[in-house]
Amino acid sequence: MAQVEQLLKYQEEDAKLLQIERDAASSDEWKNYSQAKSFLTKAPEKLDAMDGKAREMEALLDKLNKKYEEIEETLKDFENLDELVEGGADISFYKKNATQISEKLKSIKAEINSLTKSVKDADEEYKTLKKKTISVQKQYTEYSEIYKKYKESKLGEMDTIKKELEKLSKGIDSEVFKKYQVKRSERIFPIICAVKNDRCSKCGMELSIVGKEKISGGGVTECDNCHRFLYKE
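Remember, predicted model here, so these are calculated numbers, not experimental data. (Residues numbered from 1 in each chain as written. Predicted model: local features only at pLDDT ≥ 70, side-chain atom pairs only at ≥ 80, totals over all residues. Heavy atoms only, no water.)

What follows concerns the overall build of the protein chain. Within the protein chain one finds six helices and four strands. For the protein chain, the N- to C-terminal ordering of α and β elements is α-α-α-α-α-β-β-α-β-β. Expected size for 233 residues packed as a compact globule is a radius of gyration near 17 Å; at 37 Å, the protein chain overshoots this value by more than 25%. In terms of overall dimensions, the protein chain has C-alpha extents of about 115 × 50 × 25 Å along its principal axes. The long-range fraction of contacts in the protein chain, counting pairs at least 24 apart against all pairs at least 6 apart in sequence, stands at 72%. Working note: accessible area of the protein chain is about 15900 Å², and carbon and sulfur atoms make up 49% of it. (Helix = DSSP H or I, 4+ residues; strand = E, 2+ residues; numbered from the N terminus. Rg over C-alpha atoms; globule rule 2.2 N^0.38 Å. Contact = heavy atoms within 4.5 Å. Areas by Shrake-Rupley, 256 points an atom, 1.4 Å probe, with all protein chains shown as cover.)

This is how it looks when you write it as structure tokens:
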């Protein structure tokens with residue numbers, strides 16, 4: 001039973017440390033700091049991607065403009081249409097070709113207008129993100145200092161608890177303690193709790209025969225469902 005008592009004492013002290021960690025994780029100091037840091041971590045990649053996309057669109061726009069100019073140049077062949085007709089040329093053939101070329105030009109012009117707008121929108125989006133990045137960089141410096149002070153204000157209390165935990169851990173079986181730390185990292189808490197009517201008091205799972213035998217002798221077993229340590233009061 002001494003092992004169980006030691007674990008309970010350790011858990012009681014550990015709960016204090018966990019509460020400080022939870023308070024820190026939900027604090028405005030941490031949220032502001034972490035959000036600014038996350039934004040600045042992703043911003044360079046986003047800016048590069050946007051710049052690359054803008055360059056691709058500009059290159060495509062340049063191709064479309066050249067294509068438009070080339071096709072527009074072919075319309076000059078129809079400037080002497082009257083002379084061609086007088087020479088016996090089939091006017092319907094030339095008229096059909098001129099119409100097709102005109103339609104093609106309209107289509108390319110529509111693409112150019114649409115792409116020009118996309119390039120302009122991308123440029124505005126890039127400028128907005130760049131401006132925000134500069135703003136967040138200033139905020140990050142401020143938030144970092146605020147969070148640093150907040151963390152320092154908690155360090156003394158945390159160090160006191162950690163020293164007490166170190167003392168208490170010496171009275172716990174090494175294998176049991178390793179498992180405790182694993183469960184702690186998985187955010188299972190409380191990690192050790194009493195059995196009620198041969199069932200885990202947290203999830204309600206009934207103990208196996210082996211588990212019942214372990215706790216009947218004052219030992220500790222693990223819940224097959226939630227994996228907490230279980231003991232008999």
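Tallying each qualifying case throughout the model produces one cavity of 30 Å³ or more. In this structure, the largest cavity occupies an estimated 50 Å³ of space. As for the largest cavity, its lining consists of M205, E206, L207, S208, G211, T221, E222, C223, D224 and L230. Classifying every residue of the lining of the largest cavity by side-chain character gives four nonpolar, three polar and three charged. (1 Å grid on protein atoms, 1.4 Å probe; cavity = no way out; pocket = protein on both sides within 12 Å on 5 of 7 lines; lining within 4 Å. Points joined across faces, edges and corners; volume = space filled by probe spheres on them. Nonpolar A, V, L, I, M, F, W, Y, C, P; charged D, E, K, R; others polar.)

Attention now goes to the nonpolar core. Counting 19 residues, the largest nonpolar core has L7, Y10, Y180, I192 and F229 as its most contacted members. Per-element accounting of this core gives the leading share, six residues, to helix α1 (residues 2–25). Every residue in contact with I192, bar those within four places of it in the chain, is listed here: V4, L7, L8, Q11, F229 and Y231. With 12 residues, the next largest nonpolar core counts M57, L64, I71 and I108 among its residues. (Core = buried A, V, L, I, M, F, W, Y, C linked by side-chain atoms within 4.5 Å. Buried < 20%, exposed > 50% of the residue type's maximum accessible area, 1.4 Å probe, protein only.)

This model, assessed by the stated rule, comprises 15 salt bridges. In this structure, E13 engages K16 in a salt bridge whose closest nitrogen and oxygen atoms are separated by 3.4 Å. Here E13 pairs with K16, and both are found in helix α1, just three residues apart, close to one helical turn. For E13, a relative accessible area of 16% gives the class buried. Put simply, K178 and E175 hold a salt bridge, and the shortest N to O gap is 3.8 Å. Of the two residues, K178 and E175 both sit in helix α5 (residues 174–185), three residues apart, roughly one turn of that helix. (Salt bridge = Lys/Arg side-chain N within 4 Å of Asp/Glu carboxyl O.)

Pairing is mixed across the open sheet formed by four strands, whose spatial order is β2-β1-β4-β3. In this open sheet, the two strands that pair with only one neighbour each are β2 (199–200) and β3 (221–222). Alignment of strand β1 (residues 192–196) against β2, held across two bridges, turns out to be antiparallel. Bridge pairing in β2 links V195 to C200. The sheet contacts of α1 involve β1 and β4 (229–231), and relative to β1 the element is tilted by about 125 degrees. (Pairing = 2+ DSSP bridges. Axes fitted to C-alpha atoms, helices over the stretch in contact; angles between N-to-C directions.)

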